[in-house]
Amino acid sequence: MRKIGVLTSGGDAPGMNAAVMSIAKSATMYGMPLVGIKRGYNGLLRKSTSVYDDLQELYLDTVLDIADQPGTYLRTARCTEFLDPKWREVAVQTLHNMEIDGLVIIGGDGSFQGAMRLCELGIPCVCIPGTIDNDLAYTEMTLGYETAVNVCTDAVRAVRATSRSHDRPHIVECMGRHCGDIALKTACATGSEILIVPEMRWSIEQIATRLNKQLFKGNTRTTIVLAEGCWDSMEPFDHYKFLKDHGETCYEGEPISSERLASILKHMCGMVEMRHTVVGYTQRGALPCAKDSGFAFEAGNLAVRLLRDGVSNQVIGVKQGQVFYMPIQDALRVEKHFRRDLYELVNSL
Ligand code: ADP
């Protein structure tokens, strides 16, 4: 194998640039030219008017400057065309035209599916898990998850200070799509009193009861941590009617949100104030923490070595603290287990 390519795909995650730097350093060491493919699989479909907008030779000079940067220098995007076999043939043709012999793909499970399809078409691929959600069960670490938890932990601590000053409970909303891990670890790290995640059924009445218990104990600065995907596991509740009946403005069909939940709990628990904060994209745009950057460094080097040695169709991960690799299809079959014990502990203390 001579020339290789690298792309970042799906949602961006802190540590993606650090991985690209490690890949570039390793490729240089092994005498393998490296091409950066822009905006996930889109770059391979050559949709831009300028080739430099799709594909870019990566030199050490360029990537050394991006190693510690958040976001992804290569850009990232979803690429719906890639679900279509016809477009995947176009991608393979681009790789042949560019004489790219193998790919490192940094992304989540969707991006891994794309990599498997490319392997079936004879393009060797190795994947690095890059997603803040931590929704890949085969690995103990994904690039960005630890950083996202640190950002949320800082957010809860800051919010708690103002909660304390004003005797005002607060809801903090974390990302994670359908995975509650960021919220779970944040709640544990901050000693938050109430946790709401998509993995566990919950009701607004149940949360109000827990909050009332905290208030009764004198904890007027209770923190509720919730994961953005938790609305899917909520017991039905007519928030529109409830809010209208309590004199709040709410338009018909408006989805439930942290802001609305704060209003509902305020009325249910007879409080003067209840506030919410959505941590949002600061979780994705944060500087990678040392743990994520360290993983990126090892994973980037291993990915290049695997391609150099003709090993393909693999994902890199961490098991018992050690970086390892396994076939993509086997990794995607590993079932995710939510730490129900920790969830119950947070909600019971
Ligand atoms: P993530 O990689 O973070 O899970 P997505 O699920 O959005 O993000 O997937 C990223 C991209 O991977 C998609 O936009 C698409 O280009 C590609 N992809 C996802 N699923 C498949 C699939 N089944 N076959 C081929 N490509 C896929």
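Residues numbered from 1 in each chain as written. Predicted model: local features only at pLDDT ≥ 70, side-chain atom pairs only at ≥ 80, totals over all residues. Heavy atoms only, no water.

### A closer look at the overall build of the protein
The test is simple: The way it works is that DSSP assigns letters per residue, a run of H or I at least four long becomes a helix, a run of E at least two long becomes a strand, and they are numbered from the N terminus. Restricting the calculation to C-alpha atoms gives the radius of gyration, and the globule rule supplies 2.2 Å times the number of residues raised to the power 0.38. Contacts are assigned to residue pairs that have any heavy atoms within 4.5 Å of one another. The convention is simple: Lys and Arg are positive, Asp and Glu are negative, and His and the chain ends are not counted. In plain terms, the charge of a residue is placed at NZ if it is Lys, CZ if Arg, CG if Asp and CD if Glu.
Counting its regular elements, the protein contains twelve helices and eleven strands. Expected size for 349 residues packed as a compact globule is a radius of gyration near 20 Å; at 23 Å, the protein falls within 12% of this value. Expressed as lengths along the three principal axes of its C-alpha atoms, the size of the protein is roughly 70 × 40 × 35 Å. Put simply, of all contacts in the protein between residues at least 6 apart along the chain, 72% involve residues at least 24 apart. Seen as two clouds, the 37 positive and the 42 negative side-chain charges of the protein have centres 2 Å apart.

### A few points about the sheet that holds strand β9 (residues 275-278)
Quick reminder of the rule: Strand pairing is assigned whenever DSSP identifies at least 2 bridges connecting the two strands. Helix axes are fitted to C-alpha atoms over the stretch in contact, other axes to C-alpha atoms as well, and angles between N-to-C directions run from 0 to 180 degrees.
Pairing is parallel across the open sheet formed by four strands, whose spatial order is β7-β8-β6-β9. Both edges of this open sheet fall to β7 (194-196) and β9, since each of them pairs with a single strand only. Ignoring strand direction, the axes of neighbouring strands in this sheet form an average angle of 20°. Sheet topology note: the β7/strand β8 (residues 223-227) ladder contains three bridges and is parallel.

### Regarding the sheet that holds strand β5 (residues 125-129)
Strand order across the open sheet formed by seven strands is β3-β2-β1-β4-β5-β10-β11, with mixed pairing between neighbours. Two strands lie at the open edges of the sheet, namely β3 (55-57) and β11 (322-327), each paired on one side alone. Direction aside, neighbouring strands of the sheet carry axes that sit 25° apart on average. Relative to β3, strand β2 (residues 34-37) runs antiparallel, the two sharing three bridges. Considered in β3, the bridge of Gly 36 is made with Gln 56.

### A short note on the packing of helix α6 (residues 181-190) against helix α12 (residues 340-348)
A pair of packed helices can be characterised by two numbers: the angle between their axes and the separation between those axes. Heads up, the condition is: Small angles under 35 degrees read as roughly parallel and large ones over 145 as roughly antiparallel, with 65 to 115 read as roughly perpendicular and the rest as oblique. A clockwise turn of the near helix away from the far one marks a right-handed crossing, whereas an anticlockwise turn of less than a right angle marks a left-handed crossing. Residue polarity follows a fixed list, in which Ala, Val, Leu, Ile, Met, Phe, Trp, Tyr, Cys and Pro are nonpolar, Asp, Glu, Lys and Arg are charged, and the others, Gly among them, are polar.
Where α6 meets α12, the axes come as close as 10 Å, and the angle between the chain directions of the two elements is 45°. Comparing their axes, α12 and α6 come out oblique. Between α6 and α12 lies a crossing whose hand is left-handed. Along its contact with α6, which presents Leu 184, Ala 187 and Cys 188, the element α12 presents Leu 342, Tyr 343 and Val 346. The residue inventory of the contact of α6 with α12, partitioned by class, reads six nonpolar, no polar and no charged.

### Description of the domain arrangement of the protein
Often, the extent of an interface is quoted as the loss of accessible area on bringing the components together. Quick reminder of the rule: An automatic or database domain assignment provides the domain bounds reported here. Summed over both partners, the accessible area lost on bringing two parts together, with a 1.4 Å probe, is the buried area. Each reported salt bridge corresponds to a side-chain nitrogen of Lys or Arg within 4 Å of a carboxyl oxygen of Asp or Glu. We call two N or O atoms a polar contact when they sit within 3.5 Å, provided that within protein one can donate a hydrogen and the other can accept it, with sequence-adjacent residues counted only if both atoms are side-chain atoms.
According to the domain assignment, the protein contains domain 1 (4-144 + 288-333) and domain 2 (146-284). When each unit is reduced to the centre of its C-alpha atoms, the spacing between domain 1 and domain 2 is 35 Å. Facing 15 residues of domain 1, the contacting portion of domain 2 comprises twelve residues. Both faces combined, the contact of domain 1 with domain 2 buries some 1100 Å², and carbon together with sulfur accounts for 47% of it. Seen at the junction of domain 1 and domain 2, the total is four salt bridges. Among the ionic pairs, Asp 133 bridges to Arg 177, the shortest N-O distance being 2.9 Å. In this structure, the connection of domain 1 to domain 2 is made through seven residue pairs in polar contact (both at pLDDT 80 or more). Each residue belonging to the side of domain 1 that touches domain 2 can be placed in one class, and the counts come to six nonpolar, three polar and six charged.

### Observations concerning the site of the ligand
Condition: Whether a residue is near a molecule or strand is decided by its heavy atoms; if any one of them lies within 4 Å of it, the residue is near. A 1.4 Å probe and the Shrake-Rupley method give the accessible areas. Residues count as covered only by the protein chains that appear here.
By nearness alone, 17 residues border the ligand, and Arg 78, Cys 79, Gly 108, Asp 109 and Ser 111 come closest of all. Cys 79 places a main-chain nitrogen or oxygen 2.7 Å from an oxygen atom of the ligand. In this structure, an oxygen atom belonging to the ligand sits 3.0 Å away from a main-chain N or O atom of Gly 110. Against a free-state accessible area of 550 Å², the protein chains account for coverage of 83% of the ligand. In terms of residue count, helix α4 (residues 109-120) provides more of the shell around the ligand than any other element does, six residues in total. Grouping the amino acids of the shell around the ligand by side-chain chemistry returns four nonpolar, eight polar and five charged.

### Things to note about the pairing of strand β10 (residues 314-319)
Selection criterion: For every residue, the accessible area obtained with a 1.4 Å probe (protein chains only) is divided by the maximum for its type, and the residue is called buried under 20%, exposed over 50%, and partly exposed between those limits.
For β10, the buried fraction is high: five of the six residues fall into the buried class. Of the pairings in the sheet, the one linking β5 to β10 comprises two bridges and is parallel in character. When the sheet's bridge partners are listed, Cys 127 is paired in β10 with Val 315. Here β10 runs beside β11; their pairing, made up of six bridges, is antiparallel. Across the sheet, the residue bridging to Lys 319 is Gln 322, located in β11. Hairpin connection between β10 and β11: a loop of two residues separates the two successive antiparallel strands, and Gln 320 in this loop has a positive phi of roughly 45°.

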